[in-house]
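This is what each chain is made of:
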Amino acid sequence: MLLYRLIAKENILYVPIASREFTTVESKKVCFDQKYARWSSNILVCWLYFDTFLVARAMKERIKKLQKEKDVAILAHYYVDGDVQEIADYVGDSFYLAKTATKLKNKTIIMAGVYFMGESIKILNPEKTVYMVDIYADCPMAHMITIKKIKEMREKYSDLSVVCYINSTAEIKAHCDVCITSSNALKIVSKLKEKNIFIVPDGNLASYIAKQVKNKNIILNEGYCCVHNLVHLENVKKLKEEYPNAKVLAHPECKEEILKLADYIGSTSGIIAEALKEGDEFIIVTERGIRFEIYKKAPNKKLHFADTLICRSMKKNTLEKIEKILTEGGDELKVDDEIAKKALIPLERMLELAGDWNESWKLRCGYNWFWSCSIDLCFDIRWQYKYMLNNKKEA
């Protein structure tokens, strides 16, 4: 535990702060002064917050010690609380986490995110033990498509590719042709040979893709993200009036009316990268959890968030639950073998079409330069064989 010096002057308490996330308590009118956070409130209230900070720091130290002893990798999505992101080994969006999971040597993975993320990691790494920080942290959008509807669309269109947003259940993935994320969707859909593309479950993302990839017939589903879909147009307009010099950065899960106001449209990682470029002030139209990553790398940026934009499921991931898994164990995530086998095909094809599969496959197999060309040449044959075999079993 590090020692801290409390300085009281003119009824204002100054305390050293290691985490910008800890200082973002708007109700206390926090002001930033580099190494110190300043509260214009009484000493007692400030001490209570500081005490909470010390407890959290001690817990983080225990977690890192246990994690090292048990050889556990902790993965976290950008939308979870900053304290959880701080202790994670890898932090990123859905695509980055799925890709990273294929390269880990750790036998145990703790996933701080929502359920479909843990499922994807387990499917890509069936030999590993995967724990969700909170097994009940789920994404409502993942359930906004049915197998029945997918089968109906296949009957309706002969030349059809069912493209599954990674924000979906393993069972749905098992009935799709390829997965996408918001960061690679345009790239993958553009590469598909089919004319008709049914994108599930997010209708807003599909609508955005349809306007960018005009040579395809994009068929929309009625699903949506409960956070991005509820952004109010008037709130974004009001922020633009208040901060005319701020660029608007929006996620493609938002409605079209919101995206029309955006200066940049991209995935979570894309929005973070854009905010770290030139410019000091931004209006952010995605989940507030990304502020931790931006402030960590650029503490002087001014961020204004539209509406509340808080994913309650993501906030179920806490330090206390991670420590409990490391000390007492947790509910291991399981995926039915038959479903996992079928769901692996669209996930693998996503990595292939996004240009990341060859690298992860070589790493899995103990890659060396002598036979790398063989893997590159036979990959397409390998995928086609698995796909035909899968269809044969269904028939």
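Criteria and cut-off values
Residues numbered from 1 in each chain as written. Predicted model: local features only at pLDDT ≥ 70, side-chain atom pairs only at ≥ 80, totals over all residues. Heavy atoms only, no water. Helix = DSSP H or I, 4+ residues; strand = E, 2+ residues; numbered from the N terminus. Buried < 20%, exposed > 50% of the residue type's maximum accessible area, 1.4 Å probe, protein only. Contact = heavy atoms within 4.5 Å. Polar contact = N/O pair within 3.5 Å; in protein donor to acceptor, adjacent residues only side chain to side chain. Lys, Arg positive; Asp, Glu negative; His and termini not counted. Salt bridge = Lys/Arg side-chain N within 4 Å of Asp/Glu carboxyl O. Expected span 1.5 Å × (residues − 1). Bend = angle between axes of the 7 residues up to and from the residue.

Draft legend 1. Region of interest: the environment of aspartate 89. Mapped onto the elements of the fold, aspartate 89 is located in the loop between α2 (82-87) and β6 (90-92). Overall, the relative accessible area of 36% leaves aspartate 89 in the partly exposed class. Put simply, aspartate 89 and isoleucine 74 are 15 residues apart on the chain and 5.4 Å apart in space, counted from C-alpha to C-alpha. In contact with aspartate 89, other than residues within four places in its own chain, are Lys64, Gln67, Val72, Ala73 and Ile74. At a separation of 2.2 Å, a polar atom in the side chain of aspartate 89 contacts the side chain of glutamine 67.

Draft legend 2. Geometry of the side chain of lysine 301. Tracing the backbone shows lysine 301 in the loop between α12 (291-297) and β16 (302-305). Within the buried set, lysine 301 has no salt-bridge partner at all; the shortest N-O distance to an opposite charge, 4.7 Å, is to aspartate 280. In this structure the side chain of lysine 301 is engaged in a polar contact, spanning 2.7 Å, whose partner is the backbone oxygen of lysine 277. Among the polar contacts made by the side chain of lysine 301, one reaches the main-chain carbonyl oxygen of glycine 279 at a distance of 2.4 Å. If we skip the residues at most four places from it in the chain, lysine 301 touches Ala275, Leu276, Lys277, Glu278, Gly279, Asp280, Phe282, Ile294 and Tyr295.

Draft legend 3. Molecular detail of helix α14 (residues 337-353). Its 17 residues give α14 an end-to-end C-alpha distance of 25 Å, which sits within 8% of 24 Å, the value for a rise of 1.5 Å per residue. A bend of about 25 degrees at leucine 344 is the largest found in α14, and the proline proline 346 appears one to four places after it. Counted residue by residue, α14 has twelve buried out of 17 residues, so it is predominantly covered. If you check which residues of α14 are buried, you get Ala340, Lys342, Ala343, Leu344, Ile345, Pro346, Leu347, Glu348, Arg349, Met350, Leu351 and Leu353. Between the side-chain oxygen at the start of α14 and the backbone nitrogen of glutamate 338 there is a gap of 3.1 Å, and the oxygen is on aspartate 336. Residue glycine 355 follows α14 closely and has a positive phi angle near 85 degrees.

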